[in-house]
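Summary of the model geometry
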Amino acid sequence: MSAYLGLDGFRFGWVAVWIDGRGDHGFDYSARLTRLLAMPHARAMIDMPIGLNPAGYRACDLRARELIGPAVFLGARRDIWTFTDMAEANRYYWAHEGKGRGVSAQLWNIKDKIREVDGVMTPARQVTIGEAHPELIFWNLAGRVRLANKTSAQGREQRVALLRAWGFTKVEKWLTLRHGTGIGRDDLIDACACALAARDSTQRVGGEEIDPRGLRMEINY
């Protein structure tokens, strides 16, 4: 039976969670995204920008931020990884796009992951591999209500409860098994959310913008 993959980056690589149509589920991790995407799957969702313009904020990010707030990072652009540091990037973007149109530390810290995803994506692969945002997924699963901050005890309990309700009955055990792997608690939870989007999502924000490589800029949830 075909599996549905959810992927999220962490400090040492990527974590992938899978769930199939019967509800069987598991997780794996690797330093290389390509190894995890080689796992047989019907559909995959990645918590990382797919589709990048050289300038400006993506419309899908702006729309998602309207729905769930600052959990959506703005400023993902093509070739952001070519700058030597965040200060240089921001000087460039401020000069060309206006003060305040730079990148945040959170976005800068995932630039190499953005580059890795961009390196494997093609318009043909986008048929089965899409971008998702865990907070948008949880917002939708909770009845379009914003949850408590994901780093708080209440927020994590809310998210774990939703995952259990939607088929991830082993998630609490997994959270004890991740120790020593480098996978953060939130990374594993977010990958589970992305797997649910891979299995169930029929909604998205964006999709009208196409980047220079022919990739749609959209966020599924």
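The model shown is predicted, which means the values in this text are computed figures rather than measured ones. (Residues numbered from 1 in each chain as written. Predicted model: local features only at pLDDT ≥ 70, side-chain atom pairs only at ≥ 80, totals over all residues. Heavy atoms only, no water.)

**Digging into the overall build of the protein**
Quick note on the threshold: In this description a helix means any DSSP run of H or I spanning at least four residues, a strand means any run of E spanning at least two, and both kinds are numbered starting from the N terminus. All radius of gyration figures rest on C-alpha atoms, and the globule criterion is 2.2 Å times the number of residues raised to 0.38. To sort residues, take the accessible area from a 1.4 Å probe on protein chains only and compare it with the maximum for the residue type: under 20% means buried, over 50% means exposed, and anything in between is partly exposed. The contact criterion used throughout is that any non-hydrogen atoms of two residues lie within 4.5 Å.
Looking only at helices and strands, one finds nine helices and seven strands in the protein. Expected size for 221 residues packed as a compact globule is a radius of gyration near 17 Å; at 17 Å, the protein falls within 12% of this value. Along the three orthogonal principal directions, the C-alpha set of the protein runs to about 50 × 35 × 35 Å. The burial tally for the protein puts 51% of its 221 residues in the buried class. For the protein, the share of sequence-separated contacts (at least 6 apart) that also reach a separation of at least 24 residues comes to 64%.

**A closer look at the environment of P212**
Note on placement: P212 falls in the loop between strand 6 (204–210) and strand 7 (216–220). On the basis of relative accessible area, P212 is assigned to the exposed category, the value being 59%. Separated by 41 residues in the primary sequence, P212 and V171 place their C-alpha atoms 39 Å from one another.

**Some points on helix 2 (residues 59–68)**
Keep this limit in mind: Think of it as the arc spanned by the lines of direction from the helix axis to the C-beta atoms.
Along helix 2, the positions that sit buried rather than exposed are C60, D61, A64, L67 and I68. Along the long axis of helix 2, the arc covered by the buried residues comes to 120°, so they all point the same way. For helix 2, the elements touching its buried residues are strand 5 (129–131), helix 6 (134–141), strand 6 and strand 7. Two residues or fewer past helix 2, G69 is found with a positive phi of approximately 90°.

**Points about the nonpolar core**
Our working definition: Among buried residues, the Ala, Val, Leu, Ile, Met, Phe, Trp, Tyr and Cys ones that are joined through side-chain atoms within 4.5 Å form a nonpolar core.
Residues V17, L136, I137, L163, F168 and V205 are the most contacted members of the largest nonpolar core, which totals 38 residues. Those elements that provide at least two residues to this core are strand 2 (13–20), helix 2, helix 6, helix 7 (153–165), helix 8 (171–177), helix 9 (185–200) and strand 7. No other element matches helix 9, which puts 10 residues into this core.

**Description of the packing of aromatic side chains**
Our working rule: We call Phe, Tyr and Trp rings a pair once their centres come within 6.5 Å, taking the six-membered ring for Trp, and we label the pair stacked below 30 degrees between planes, edge-to-face above 60, and tilted otherwise. Two conditions define a charge sitting above a ring: the NZ of Lys or the CZ of Arg must be within 6 Å of the ring centre, and it must be within 35 degrees of the ring normal.
One pass over the structure, following the stated rule, counts seven aromatic pairs. With centroids separated by 5.5 Å and ring planes inclined at 70°, the aromatic side chains of F83 and Y93 adopt a geometry described as edge-to-face. Here the residue F83 occupies a position in the loop between helix 2 and helix 3 (86–97), and Y93 occupies one in helix 3, the gap between them amounting to 10 residues. Accessibility expressed as a relative area gives 13% for F83, which makes it buried. Each member of the aromatic cluster is reached from another via a ring pair, and the members are F27, F168 and W174. A cation over an aromatic ring shows up here: R101 above the ring of Y57, its NZ or CZ 3.9 Å from the ring centre. Over the aromatic face of W14 sits the side chain of K113, whose NZ or CZ is 5.7 Å from the ring centroid.

**Thoughts on the state of the cysteines**
Definition in use: Two cysteine sulfurs form what is called a disulfide whenever their separation falls within 2.5 Å.
Here the structure, examined in full by the defined rule, presents zero disulfides. Left without a disulfide partner, C192 is nearest to the cysteine sulfur of C194, which lies 9.4 Å away. Note on C192: relative accessible area 0%, which makes it buried.

**Some details on the sheet that holds strand 2**
Strand pairing in a sheet relies on backbone hydrogen bonds. The paired strands run either parallel or antiparallel. Stated precisely, the cut-off is as follows: Strand pairing is assigned whenever DSSP detects at least two bridges linking the two strands. Structural elements are reduced to axes, namely lines fitted to C-alpha atoms, with helices fitted over the stretch in contact, and the angle between N-to-C directions of any two is expressed from 0 to 180 degrees.
Strand order across the open sheet formed by five strands is 3-2-1-4-5, with mixed pairing between neighbours. A strand with exactly one partner marks an edge of an open sheet, and here the two such strands are strand 3 (25–30) and strand 5. Adjacent strand axes in the sheet meet at a mean angle of 20°, parallel and antiparallel pairs treated alike. Bridge count for strand 4 (residues 43–46) against strand 5 is three bridges, and the pairing is parallel. Across the sheet, residue I46 finds its bridge partner in strand 5, namely E131. Against the sheet, helix 5 (residues 111–120) engages strand 1 (3–10), strand 2 and strand 4, with an angle of about 55° to strand 2. In this fold helix 9 packs onto strand 1, strand 2, strand 3 and strand 4, with an angle of close to 150° to the strand it touches most, strand 1.

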